[in-house]
Amino acid sequence: MSAAPLAPIASADGLRTAPPADPLLDGLRARDPGAERAFYERHVDRTYRLCLRMTGREDLAQECTQDTFVRAFDRVDAFRGEAALSTWLHAIAVSVVLNALRRLRRDEKRHTDLDVVDIHHATRAPVEPDLRDRLQGAIAALPLGYRTVFLMHDVEGFTHEDIAASLGVAIGTSKAQLFHARRKLRVALAPYMAQEAR
């Protein structure tokens, strides 16, 4: 999954020594364009998928992905090595997405009064969505914390330790939020599953 965090290593005499040098991290800290490009290429796909699943919008996911790497390159000197570099990057991505979603909700709330619903065009009943649409809708309806942990753990494959480090929460909180997210999804999908069983 992700590389192990850089931690002091015990030598044969039991004394702690410095962690091994990471040429990529050294290159990032030196603002080497080649290291930045290698880091970007290594992590961009997974970062984009996380942003897309959290936002549900390609345009916003692309913007969040770009912002994530800009922030990471700007703040690489603050990386302390307490977690894997990829975990640190995904913590930045989660923060960027959460901020973008808050801004989006504020903007949508301001413009809600301007939107007019034309009920005359609703001439036929909506077609029953398939399971994929139901699942996406149920995931989108989860509270943000539940949705974030569910997507990171069950969809992207992060461990609870990585999620806890990324979100700044306890491992138990990550596990509890995943439990509640799965329970809410089961409840939301139960009517559809009952229909399919007939």
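Predicted model, so just to flag it, every value in this text is computed and none were measured.

## Considering the overall build of the protein chain
- Counting its regular elements, the protein chain contains eight helices and two strands.
- Starting at the N terminus and walking to the C terminus, you meet the elements of the protein chain as β-β-α-α-α-α-α-α-α-α.
- A total of 198 residues make up the protein chain; the buried ones form 33% of that total.
- Long-range pairs, those at least 24 residues apart, make up 66% of the contacts in the protein chain between residues at least 6 apart in sequence.
- Accessible area of the protein chain: about 12600 Å², with a carbon and sulfur share of 54%.

## Structural notes on the pattern of salt bridges
- For the structure shown, the criterion picks out seven salt bridges.
- With its nearest N and O atoms 3.4 Å apart, the salt bridge here joins Asp77 to Arg31. Remark: Arg31 occurs in the loop between helix H1 (23-29) and helix H2 (33-55) and Asp77 occurs in the loop between helix H3 (58-75) and helix H4 (85-111); sequence separation between them is 46 residues.
- Arg31 gets classed as partly exposed once you look at its relative accessible area, which sits at 36%.
- With its nearest N and O atoms 3.4 Å apart, the salt bridge here joins Glu156 to Arg49.

## Describing the packing of aromatic side chains
- Applying the stated criterion across every chain yields a total of five aromatic pairs.
- Considering the side-chain rings of Phe69 and Phe73, the 6.2 Å spacing of their centres and the 45° angle between planes classify their relative orientation as tilted. Of this pair, Phe69 and Phe73 both sit in helix H3, four residues apart, which is roughly one turn of the helix.
- Using a relative accessible area of 18% as the deciding quantity, one classes Phe73 as buried.
- For Arg46, the ring lying beneath its charged end belongs to Phe158, and the centroid distance is 4.0 Å.

## Quick look at the environment of Gly34
- The topology assignment puts Gly34 in helix H2.
- Residue Gly34 is classed as partly exposed on the basis of its relative accessible area, which comes to 33%.
- As a C-alpha pair, Gly34 and Leu24 span 10 residues in sequence and 9.3 Å in three-dimensional space.

## Re the environment of Ala181
- Its location among the elements puts Ala181 in helix H8 (residues 171-197).
- Residues Ala181 and Phe150 lie 31 residues apart in sequence; the distance between their C-alpha atoms is 6.4 Å.
- Contacts of Ala181, omitting those with residues within four sequence positions, involve Leu142, Tyr146 and Phe150.

Parameters and conventions
- Residues numbered from 1 in each chain as written.
- Predicted model: local features only at pLDDT ≥ 70, side-chain atom pairs only at ≥ 80, totals over all residues.
- Heavy atoms only, no water.
- Helix = DSSP H or I, 4+ residues; strand = E, 2+ residues; numbered from the N terminus.
- Buried < 20%, exposed > 50% of the residue type's maximum accessible area, 1.4 Å probe, protein only.
- Contact = heavy atoms within 4.5 Å.
- Areas by Shrake-Rupley, 256 points an atom, 1.4 Å probe, with all protein chains shown as cover.
- Salt bridge = Lys/Arg side-chain N within 4 Å of Asp/Glu carboxyl O.
- Phe/Tyr/Trp six-rings, centres within 6.5 Å; stacked < 30°, edge-to-face > 60°.
- Lys NZ or Arg CZ within 6 Å of the ring centre and 35° of its normal.

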